[in-house]
Amino acid sequence: EFEVLTAAAVTELARSGVDLAVIEVGLGGRLDATNVLDLGVAAITNVQHDHERYLGSTLAAIGTEKAAIIKRGNLAVTGASGRGLAPIVARSAAVGAPLRRVGRRQSYRTTVRALDWEGLVIEARTPTRRLPDLRVALLGAHQAANAGVALAVLEAMAERHDIAVTDAAIRAGFAAARWPGRLEALDDPRFGRVLLDGAHNPAGARALATALADLGLHGMPLVFGAMRGKRVDRVLRALAAVRPLPIFTAVDDPGALPPDDLLRTWRRIAPGGEAVHGPATALERAAQLRPGDEPIVVAGSLYLVGAVRGLLRGEEGE
């Protein structure tokens, strides 16, 4: 299915005569359907443990799979560090692709100056510009690093495709950024504020826990579901840091883990928690458990986040 959809999308882009296409890899890179394309700039945001049954169990192995999207003569960008970085550096050197690194003490770097429910204020530096007080309309301090990768990609595309990107355009774009299902806050008349985040791997769960703590949140209801093959134990251990009130549920999909299994895993980590049938029932139960005006957090699976988002938006059939 994914290969057919990718072919259809690329065909439509070609028919439409787009000037520039930005294509996200589906899974990994080396064997992904999108790897038939060579768009001149290759970006690997980071390397974390995920999809290990397909990509390998180590960061070096996962990094090797991702690095295969870098083709001869590309301009490459990465925010990766640690053991996942080495294969990206090696691949870039092997195919003659100049590598732009993002991070501390790198030529592309960002620093968080403030954060709130409206997003982040960061200072960004690149080899060609400095952007103080840059507003990023996404929640979570980790989005500062993602913003650095985005800036490096913009400058690489400007160089490769002769595109002028002004500071004003960058500021306008970052201030208008939206990412459904990724630390997305929705206000609902029935359930109050609901914070959706598809944190389905340990790194994502740690980022979510940090973001919640930065916003002064703890002890909030957590609607949680997960698909088979995920490191659920490590995900829940990361989320336990904010002492949530977990309600475990599952979407209507054979790949979803049963709520009772999730509850047993949780009780090896912390007391409490309950299992309920279906996302709608889980939301209703979370609203009953909410202490004061704390938001309901929905996490653990993009399938669950999509289902809940559909409920809140009246798009259950989407």
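The structure this text deals with has already been given above.
Residues numbered from 1 in each chain as written. Predicted model: local features only at pLDDT ≥ 70, side-chain atom pairs only at ≥ 80, totals over all residues. Heavy atoms only, no water.

Asker: If you had to explain the sheet that holds strand E11 (residues 274-275) to someone new, which residues and values would you point to?
Answerer: The strand order E7-E8-E12-E9-E10-E11 describes an open sheet built from six strands, whose pairing is mixed. Looking at which strands have only one partner, the edges of the open sheet turn out to be strand E7 (182-188) and E11. Pairing between strand E8 (residues 192-197) and strand E12 (residues 296-299): four bridges, direction parallel. Note on E12: the bridge partner recorded for Val194 is Ile296. Across the sheet, helix H9 (residues 259-267) is in contact with strand E9 (221-224), strand E10 (245-248) and E11; its angle to E10 comes to roughly 150°. Running over the sheet, helix H11 (residues 302-313) touches E7, E8, E9 and E12 and is turned about 25° from E7. (Pairing = 2+ DSSP bridges. Helix = DSSP H or I, 4+ residues; strand = E, 2+ residues; numbered from the N terminus. Contact = heavy atoms within 4.5 Å. Axes fitted to C-alpha atoms, helices over the stretch in contact; angles between N-to-C directions.)

Asker: I'd like a rundown of the nonpolar core, residues and numbers included.
Answerer: Among the nonpolar cores identified, the biggest contains 28 residues, and Leu208, Leu212, Phe224 and Val297 are the most heavily contacted of them. At the level of elements, helix H7 (202-214), E9, helix H8 (232-239), H9 and E12 are the ones that each hand at least two residues to this core. Excluding its chain neighbours within four sequence positions, the residues that come into contact with Val297 are Leu195, Leu208, Leu212, Met220, Pro221, Leu222 and Val223. Counting 20 residues, the second-largest nonpolar core is a separate cluster that includes Leu196, Val251, Ala256 and Val298. (Core = buried A, V, L, I, M, F, W, Y, C linked by side-chain atoms within 4.5 Å. Buried < 20%, exposed > 50% of the residue type's maximum accessible area, 1.4 Å probe, protein only.)

Asker: Give me the lowdown on unusual backbone geometry, citing residues and values where you can.
Answerer: One can expect most non-glycine residues to show negative phi and most peptide bonds to be in trans. The residue Asp133 is not glycine, and still its phi comes out positive at about 50°. Positive phi, normally seen in glycine, also occurs at Leu183, with a value near 50°. Within the secondary structure, Leu183 is located in strand E7.

Asker: I'd like a rundown of the sheet that holds strand E6 (residues 130-136), residues and numbers included.
Answerer: If you trace the three strands from one edge of the open sheet to the other, you get E4-E5-E6, paired in antiparallel fashion. Strands with a single pairing partner mark the edges of an open sheet, and in this sheet they are strand E4 (109-116) and E6. This sheet shows a mean twist of 20° between the axes of neighbouring strands, independent of strand direction.

Asker: How would you summarise the packing of helix H10 (residues 279-289) against H11 if you had to cite specific residues and measurements?
Answerer: One can describe the packing of H10 onto H11 by two numbers: an axis separation of 10 Å at closest approach and a directional angle of 75°. Taken together, the axis directions place H10 and H11 in an arrangement best described as roughly perpendicular. Two secondary-structure elements touch here, H10 through Pro279, Ala280 and Leu283 and H11 through Leu304, Ala307, Val308, Leu311 and Leu312. For the contact of H10 with H11, the class distribution of residues is eight nonpolar, no polar and no charged. (Parallel < 35°, antiparallel > 145°, perpendicular 65-115°, else oblique. Nonpolar A, V, L, I, M, F, W, Y, C, P; charged D, E, K, R; others polar.)

Asker: Talk me through the pattern of salt bridges; I want residue IDs and the actual numbers.
Answerer: Considering all chains together, one arrives at 16 salt bridges under this definition. As a salt-bridge pair, Arg30 and Glu65 come within 3.1 Å of each other at their nearest N and O atoms. On the criterion of sequence distance, the pair formed by Arg30 in the loop between helix H1 (2-16) and strand E1 (41-44) and Glu65 in helix H3 (residues 59-67) is long-range, its members being 35 residues apart. The partner of Glu52 in a salt bridge is Arg231, and the shortest N-O contact between them spans 2.5 Å. With Glu52 in helix H2 (residues 52-55) and Arg231 in the loop between E9 and H8, this residue pair connects regions lying 179 residues apart in the sequence. The network of salt bridges with shared partners includes Arg113, Glu123, Arg125 and Arg130. (Salt bridge = Lys/Arg side-chain N within 4 Å of Asp/Glu carboxyl O.)

Asker: An account of the side chain of Thr265 is needed here, citing residue identities and associated values.
Answerer: With respect to the helices and strands, Thr265 occurs in helix H9. Those residues in contact with Thr265 that sit more than four places away from it in its chain are Val232, Asp233 and Leu236.

Asker: Any details on a nonpolar patch on the surface? Residues and values, ideally.
Answerer: Residues Leu20, Val22 and Ile163 make up a contiguous nonpolar surface patch of about 260 Å² in total accessible area. Among the structural elements, Val22 can be located in the loop between H1 and E1. (Patch = residues over 30% accessible without salt bridge, like charges linked within 9 Å, V, L, I, M, F, W, Y side chains within 5 Å. Areas by Shrake-Rupley, 256 points an atom, 1.4 Å probe, with all protein chains shown as cover.)

Asker: How would you explain H3 if you had to name every residue and give the values?
Answerer: Helical geometry note: an α-helix holds 3.6 residues per turn, so side chains three or four residues apart project in the same direction. Regarding H3, the residues found buried are Ile62, Gly63, Glu65 and Ala67. Those residues of H3 hidden inside the fold are in contact with E1, H2 and helix H4 (86-94).

Asker: I'd love a proper account of the environment of Val41, names of residues and values included.
Answerer: Assignment of secondary structure puts Val41 in strand E1. Judged by its relative accessible area of 18%, Val41 falls in the buried class. As a C-alpha pair, Val41 and Leu75 span 34 residues in sequence and 4.8 Å in three-dimensional space. Those residues in contact with Val41, other than ones at most four positions away along the chain, are Leu75, Val153, Ala156, Met157 and Arg160.

Asker: Go over the pairing of strand E5 (residues 119-125) with me, naming the residues and quoting the values.
Answerer: Within E5, six of the seven residues are buried, leaving the element largely enclosed by the surrounding structure. Pairing analysis gives seven bridges linking E4 to E5, with the strands arranged antiparallel. In the strand pairing of E5, Leu115 is matched with Leu120. In sequence, E4 turns back onto E5 through a hairpin of two residues. Two elements, E5 and E6, share five bridges in a ladder whose sense is antiparallel. Across the sheet, residue Ala124 finds its bridge partner in E6, namely Leu131. Taken together, E5 and the strand that follows it, E6, pair antiparallel across an intervening segment of four residues.

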